[in-house]
Amino acid sequence: MAIASVGIFLLAEVAFRSYYFGLESIYKPSDYSPRAITISKFIEADPNPLIGYKLSANQKGLFKGAPLSVNSQGFRGSEPAGNQLPPPYQISLLGASIDMGAGVSNESTYANALERQLNAALPFSIKIQNHAVGGYKAIQIEQSFWANVDKLEPNMILLPVHPMFFNKTYQPHQVDRGNSFCFEIRCHFQDFFILKLLTSYARELTLNLRKTQLFGTKNHWNSLAKKNSPFEKLNSSKEGDIFKRFIKNLRRAGYTVVVLRLPTLKTYSALEEAKMNNAWNKWLNEVKPPFTIDTSGDLKPKISSSDSIYPGDMHPNQTVHSLYANAILEPLSTILGKAVYNKKN
């Protein structure tokens, strides 16, 4: 029975890999993995514990089945413009895995698609530098900007925020490269797409059971779900408060800041949507960012969980990235026109 179960599991894994990634994923299994970026070759430890880790410069390979390259300055994409004349208008995109483009190729990220569309629409050159890093929380985005991006002197900052996290507090993930190879079986289980899929189904089932309260009260489920962070408590601020402080300091430093709100693939109830919108409106009233692009109302009806990079992973595919770029294009073009005009005058 056990042998048969293992055989079925392995056959399912082979079928999954063949269907979504082709035969190469079968005879080169180590190149294809659903692992998080924090346990991949694409990152290295950062000396600042509030950052924890960063993308490792000059890395190329596959991440979640799609090509990913990190340039010599340690961010995703091609090398900076250099001595191009006239110099392009530089935009820095911050954020986490969705903005970095987890599971889609360099050319298919919404940052790249948006850059191409802006250059076709505007009479001046635009360069979008993708400084987003998978897994980053607000404290890491803030600290990483001042440490790694500020010195590049971008003309504009695109800052994606997600109101469902505004009232949450996170600790920055720390990486330990002391033992680069793990001999434990549990480590290698992380390379199986089928196990990742089954885990995601189990998590979704648990969430649905929790909502019904048929198998326990809200307090009961909260006690089961509560867990302590494995990392030292370095941050005590909520996501929304950190972004509020960050935007204030960016404006003091003279940066043009554009706040983005992009919908994710996750489905929320009407009550949850209402709570997020209330949190969003309250935050906007407190922060008063100079420019805001909210695409959630237009895009949410057009995307669903079926638009993920593959079953078991909720990162959006290249079709959704294209929708992101299309939705941002017109309002950002207007903002850029004003910003460039003000700069000249």
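Definitions and cut-offs
Residues numbered from 1 in each chain as written. Predicted model: local features only at pLDDT ≥ 70, side-chain atom pairs only at ≥ 80, totals over all residues. Heavy atoms only, no water. Patch = residues over 30% accessible without salt bridge, like charges linked within 9 Å, V, L, I, M, F, W, Y side chains within 5 Å. Areas by Shrake-Rupley, 256 points an atom, 1.4 Å probe, with all protein chains shown as cover. Salt bridge = Lys/Arg side-chain N within 4 Å of Asp/Glu carboxyl O. Helix = DSSP H or I, 4+ residues; strand = E, 2+ residues; numbered from the N terminus. Buried < 20%, exposed > 50% of the residue type's maximum accessible area, 1.4 Å probe, protein only. Polar contact = N/O pair within 3.5 Å; in protein donor to acceptor, adjacent residues only side chain to side chain. Contact = heavy atoms within 4.5 Å. Pairing = 2+ DSSP bridges. Axes fitted to C-alpha atoms, helices over the stretch in contact; angles between N-to-C directions. Phe/Tyr/Trp six-rings, centres within 6.5 Å; stacked < 30°, edge-to-face > 60°. Core = buried A, V, L, I, M, F, W, Y, C linked by side-chain atoms within 4.5 Å. Expected span 1.5 Å × (residues − 1). Arc of directions from axis to C-beta.

A. Molecular detail of a nonpolar patch on the surface. A contiguous nonpolar surface patch, about 400 Å² in accessible area, is contributed by Val14, Leu23, Ile26 and Tyr27. If you trace the backbone, valine 14 turns up in helix H1 (residues 2-21). You can call valine 14 partly exposed: its relative accessible area is 38%.

B. Expanded view of the side chain of asparagine 235. Note that asparagine 235 resides in the loop between helix H8 (218-225) and helix H9 (239-252). Within the structure, the side chain of asparagine 235 is placed 2.8 Å from the backbone oxygen of tyrosine 170, a separation counted as a polar contact. A polar atom in the side chain of asparagine 235 sits 3.1 Å from the backbone nitrogen of serine 237. Among residues more than four places away in sequence, those in contact with asparagine 235 are Ile139, Thr169, Tyr170, Gln171, Pro172 and Ile242.

C. Representation of the sheet that holds strand E5 (residues 89-93) in the model. Pairing is parallel in the open sheet, where five strands are placed in the order E6-E5-E7-E8-E9. Every interior strand has two partners, whereas the edge strands, strand E6 (126-130) and strand E9 (291-294), have only one. The average undirected angle you get between the axes of adjacent strands in this sheet is 20°. Across five bridges, strand E7 (residues 156-160) lies against strand E8 (residues 256-261) in parallel orientation. Bridging across to E8, leucine 159 finds its partner in valine 259. Each of E7 and E8 touches H9; the most contacted strand, E7, lies at about 175° to it.

D. Up close: the pattern of salt bridges. In this structure the tally under the stated criterion is nine salt bridges. Its salt-bridge partner being glutamate 44, residue lysine 54 comes within 4.0 Å of it at the nearest N-O pair. Here the residue lysine 54 occupies a position in strand E2 (residues 53-55), and glutamate 44 occupies one in strand E1 (residues 43-45), the gap between them amounting to 10 residues. Exposure remark for glutamate 44: the relative accessible area of 31% places this residue in the partly exposed category. Note that glutamate 142 and arginine 245 form a salt bridge whose closest N and O atoms lie 2.6 Å from each other. One end of the pair, glutamate 142, is in helix H5 (residues 138-149); the other, arginine 245, is in helix H9, with 103 residues separating them in the sequence. We classify glutamate 142 as buried; its relative accessible area is 3%. Residue classification places arginine 245 among the partly exposed positions, given a relative accessible area of 35%.

E. Expanded view of the packing of aromatic side chains. Enumeration over the complete set of coordinates arrives at 20 aromatic pairs. Aromatic side chains phenylalanine 21 and tyrosine 32 sit 5.6 Å apart centroid to centroid with 40° between the ring planes, which places their arrangement in the tilted category. Of this pair, phenylalanine 21 sits in helix H1 while tyrosine 32 sits in the loop between helix H2 (24-27) and E1; the two residues are 11 residues apart in sequence, bridging distant segments of the chain. Its relative accessible area of 6% is what places tyrosine 32 among the buried residues. Each ring, one from phenylalanine 42 and one from phenylalanine 63, has its centre 6.2 Å from the other, and the planes form 70°; the classification is edge-to-face. You can see phenylalanine 42 sitting in the loop between H2 and E1 and its partner phenylalanine 63 sitting in strand E3 (residues 59-63), a full 21 residues away along the chain. Take phenylalanine 42: its relative accessible area is 2%, and that puts it in the buried class. Ring pairing ties together the aromatic residues Phe16, Tyr19, Tyr20, Phe21, Tyr32, Phe193 and Tyr310, which thus form one cluster.

F. The nonpolar core, seen in detail. Membership of the largest hydrophobic core comes to 37 residues, with the highest contact counts inside it found for Met100, Phe145, Leu159, Val161 and Trp283. Only E2, strand E4 (66-70), H5, E7, H9, E8 and helix H10 (270-287) provide two or more residues apiece to this core. The residues contacting phenylalanine 145, other than those within four sequence positions of it, are Leu94, Asp150, Ile157, Phe246, Leu250 and Tyr255. Of all hydrophobic cores here, the second largest spans 28 residues; its members include Tyr110, Leu114, Val258 and Leu332.

G. Region of interest: unusual backbone geometry. Positive phi, normally seen in glycine, also occurs at asparagine 58, with a value near 60°. Locating asparagine 58 in the fold gives a position in the loop between E2 and E3. The class for asparagine 58 is exposed, based on a relative accessible area of 55%. A positive phi angle is found at lysine 64, which is not glycine, with a value near 55°. The residue lysine 64 is located in the loop between E3 and E4 in this model.

H. Inspection of H1 at higher detail. Spanning 20 residues, H1 covers 28 Å between terminal C-alpha atoms, matching the ideal 28 Å at 1.5 Å per step. When we look at burial in H1, the residues that qualify are Glu13, Phe16, Arg17 and Phe21. Projected onto a plane normal to the axis of H1, the buried residues spread over an arc of 95° and lie on a single side. Turned more than 90 degrees away from the buried face of H1 sit Ile3, Ile8, Leu11 and Tyr19, all of them exposed.

Any link to function would need more than the numbers given here.
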